[in-house]
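# Per-entry structural report
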Amino acid sequence: MRLHCIALIATGVLTTLPASAADVETIARSCNNCHGTGGVSVGHSMPSIAGLSESYLKNIMMQWKSGERASANMTRLIKGYTDEEIAGLARHFSQQKWTPAVQQVSADVLKKGKAVTDACETCHGATGGQPDDADTPMLAGQWAKYMELELMKYRDENFKMTHKKMIKNARKLEAGDVEIAAQYYGAQSK
Amino acid sequence: MNPIHRRDFIKLFAAATSSAALSLPTLARAGSAKARVVVIGGGYAGATAAKYVKLLDPSIDVTLIEPNKTYTSCPLSNEVVAGHRKIETLQVGYDGLRKRGVNVVHDLVTGVDRDKKVVATKGGKKLQYDALVMSPGIDFTYQGIEGYNESMINDIPHAWKAGEQTLLLQKQLMAMKDGGVFVIVVPKGPFRCPPGPYERASLVANYFQHHGMKKSKVIIMDANDSHSKKGLFNQAWAKLYGWEKEGLNTNGMIEWVKGAEGGNVTKLDAKSKTVSSDFVDVKADVLNIIPTHKAGRIAAASDLVGTGGNNFEKGWCKVEPMTMASALDPSIYVVGDACVAGEMPLYGNPNAAFDMPKSAHIGMAQAKVAAGAIVAKVNGLPVPDPIYANTCYSIVGDDYGFSVAHLYRVVNGTFKYIPEGSGVSPMTMPDKSPVPPIYRKLEAEYADGWLRNVLADAFA
């Protein structure tokens, strides 16, 4: 605590901090219930959010809030938060360290996974760990189960998703390859 | 995670620089001021309070007192009853908290001396506190049903505190024969896990389906006239279990009898497992009586519960909305099922009826608010603005789940329910078309992820 305080003074950040910084940390603690302490999930169907990019986190929350993008539950929760709080949460979680979940898969899944994720590489990078831009989420070491469910959402025409290119590519995958693609990226825990 | 809030540091720093007597070393000393926090009860809320006080200010001594060495989660324990989940997946110990520096004592609290601020235990310990977190959960009154008492719970399990009771009910279900009747008796609210009895009915019916017991029935005898997520349950029951309408002697696998129409059980013949209301007698093969609730014993013994008034006042602990401190003692914070909170007449909102549900999730939210308030107080900082969020999943069949969310803030010192951030899973899509199955599947999957994360966020 002392170190933290001194660091703030030494770097001169103190005066430029947004006034709502403290409140954001209080709100962020309520996200931990589902997304893990500090945003690092241990639940296979729930994404880790610590260390995802600020722009990605803010966009997705704002899309849920406006109704532009569907979610089974976040669309309800997020409407209770102000735009400013959402921006603060995005900043807060983006500043935490990305902590990949260690998930082991067979050599066969790795080989097949590499082959079926060609189209993903363009935006998410070679192992899903070097996204092209700040709007593209990190995949390397994200929970495979969660990514499988996300792909299921992109592939279901009854589920309203936003990214045209992603929708197109997700639907190009063979049904049997969805799980493999998700497991492949889950296992890239760098 | 940053210990202590930045904004508060700004304020503290501003105060410090305005006075020549205060300097950086003084500030550091203020931050490391020792305080003793004792937590009674190691359920979701108590464990969370202990962990988050330590996270926010490691220099505070935290002791958690809990009689049991293993905790068994009540959330998702209906899946164990129906054989979908092993009970071990719901169980956790206290080593995670120990690693974080919490002093965990397996002992039973026998008394709290509020004047001297001392907690006494059965093992002879006397623990001094600056702040006490009271998180004893619920106890049962076993009252209101003639012929029913606590000695019967091995034969007539409640399975409303998870563990041995859960397995007893599971065993009875698995011994049932086709054509048997499983009766769930629901007490007048408030009770923990408001959708729990209806989730249990759903999963028992699901068990019947999977085991070719098409002639078996689940009958819910409910002292209340409505229940949590009623529309969603009825819709799911119609889709999955042949539900037609409310009342007895319907064609579906599940029958729900409301209080006003004979659901309010007042009598038991234990020998024949027959429960009676003023209108009907219902004979069970498996009988599951959920007894009437009250705040955990030690809360009442410490004079922290209401002694009169309605169901929400009598037997429960009223709290200060900003901090979760007891309305009767500013040094004791009551979190979890033992407290009563939310936007309701008790808190000066005459027309509101949004009590916080007694759920693990909101108990943890309350615990985090209490932890933040305690750490602020110990360090002489302003109390942070609280936020209370709840999520509660119900599993009602294969790949079929739904949820309810609640959000509360504090406005002008009183609880405010935020409808924009609350609500149940959709019954229909906005254009009135049916909800695509993917929604129900996703929520069934999320329930498991939620469980693992709440267990870790509280205990690891």
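Residues numbered from 1 in each chain as written. Chains lettered and ligands numbered in written order. Predicted model: local features only at pLDDT ≥ 70, side-chain atom pairs only at ≥ 80, totals over all residues. Heavy atoms only, no water.

## Looking at the nonpolar core
One finds B:Tyr44, B:Val119, B:Met134, B:Phe182, B:Val183 and B:Phe208 to be the most contacted residues of the largest nonpolar core, which totals 160 residues. Looking at this core, the element that brings in the most residues is helix H11 (residues 437–459) of chain B, giving 12 residues. Residue contacts for B:Met134: discarding those within four places in its chain leaves B:Ile40, B:Val112, B:Ile298, B:Ala299, B:Ser302, B:Leu304, B:Ile332, B:Tyr333, B:Val334 and B:Val335. Core analysis: the second largest hydrophobic core is formed by 33 residues, A:Leu57, A:Leu89, A:Tyr146 and B:Ile418 among them. (Core = buried A, V, L, I, M, F, W, Y, C linked by side-chain atoms within 4.5 Å. Buried < 20%, exposed > 50% of the residue type's maximum accessible area, 1.4 Å probe, protein only. Helix = DSSP H or I, 4+ residues; strand = E, 2+ residues; numbered from the N terminus. Contact = heavy atoms within 4.5 Å.)

## Some remarks on the confidence of the model for chain B
The pLDDT averaged across chain B works out to 93; a share of 93% of its residues lies at or above 70. Low confidence marks residues 5–33 of chain B, where pLDDT is under 50. Its contacts with residues over four positions away, or in another chain, come to 42 contacts. (pLDDT = per-residue confidence, 0-100.)

## Description of the sheet that holds strand E8 (residues 126–128) of chain B
Residues and elements named next belong to chain B. The three strands lie next to each other as E6-E7-E8, forming an open sheet whose pairing is antiparallel. Each edge of the open sheet is held by one strand with a lone partner, namely strand E6 (109–113) and E8. Strand after strand, the sheet turns through a mean of 20° between neighbouring axes, direction not considered. Pairing between strand E7 (residues 118–121) and E8: three bridges, direction antiparallel. Following the sheet pairing, alanine 120 is matched in E8 by lysine 126. (Pairing = 2+ DSSP bridges. Axes fitted to C-alpha atoms, helices over the stretch in contact; angles between N-to-C directions.)

## Comments concerning helix H8 (residues 144–155) of chain A
Between its first and last C-alpha, H8(A) extends 16 Å over 12 residues, near the 16 Å set by a 1.5 Å rise per residue. In this structure, the buried residues of H8(A) make contact with helix H3 (54–66), helix H9 (164–172) and helix H10 (177–186) of chain A together with H11 of chain B. (Expected span 1.5 Å × (residues − 1).)

## A closer look at the domain arrangement of chain B
Residues and elements named next belong to chain B. Examined at the domain level, chain B breaks down into domain 1 (6–139 + 294–384) and domain 2 (142–293). Of note, the centres of domain 1 and domain 2, computed from C-alpha atoms alone, are 33 Å apart. Counting residues at the interface gives 22 residues for domain 1 and 25 residues for domain 2. At the boundary of domain 1 with domain 2, total buried surface from both sides reaches about 2,000 Å², with 64% on carbon and sulfur atoms. At the junction of domain 1 with domain 2, the criterion picks out two salt bridges. Across the pair lysine 161 and aspartate 139 runs a salt bridge whose closest N-O atoms are separated by 3.2 Å. Where domain 1 meets domain 2, there are 10 residue pairs in polar contact (both at pLDDT 80 or more). Looking at the side of domain 1 that touches domain 2, the elements that each hand over two or more residues are helix H4 (77–81) and strand E10 (138–140). No other element matches H4, which puts five residues into the side of domain 1 that touches domain 2. Taken together, the residues of the side of domain 1 that touches domain 2 break down into 10 nonpolar, seven polar and five charged. (Domains from an automatic or database assignment. Buried area = accessible area lost by both parts, 1.4 Å probe. Salt bridge = Lys/Arg side-chain N within 4 Å of Asp/Glu carboxyl O. Polar contact = N/O pair within 3.5 Å; in protein donor to acceptor, adjacent residues only side chain to side chain. Nonpolar A, V, L, I, M, F, W, Y, C, P; charged D, E, K, R; others polar.)

## Points about helix H6 (residues 164–174) of chain B
Residues and elements named next belong to chain B. Buried within H6 are the following residues: Gln165, Thr166, Leu169, Gln170, Gln172 and Leu173. Along the axis of H6, the buried residues cluster in a sector spanning 165°; they form a single face. In H6, the exposed positions that point more than 90 degrees away from the buried face belong to Glu164 and Lys171. Considering only its buried residues, H6 is in contact with H4, strand E11 (181–186), helix H7 (196–210) and strand E17 (286–289). (Arc of directions from axis to C-beta.)

## Some remarks on the side chain of B:Asn206
Relative to the assigned elements, B:Asn206 resides in helix H7. The residues touching B:Asn206, leaving out its near neighbours within four places in the chain, are B:His84, B:Tyr241, B:Gly397 and B:Asp398.

## Structural notes on the sheet that holds strand E2 (residues 61–65) of chain B
All names here are of chain B. Taking strand neighbours across the sheet as the criterion, the six strands line up as E5-E2-E1-E9-E21-E20 in an open arrangement whose pairing is mixed. Only two strands of the sheet have a single neighbouring strand rather than two, namely strand E5 (103–105) and strand E20 (325–326). Here helix H3 (residues 44–56) sits on the sheet in contact with strand E1 (36–40), E2 and strand E9 (131–134), set at roughly 170° to E2. Helix H10 (residues 360–378) rests against E1, E9 and strand E21 (329–334) of the sheet, and its axis sits at about 150° to E21.

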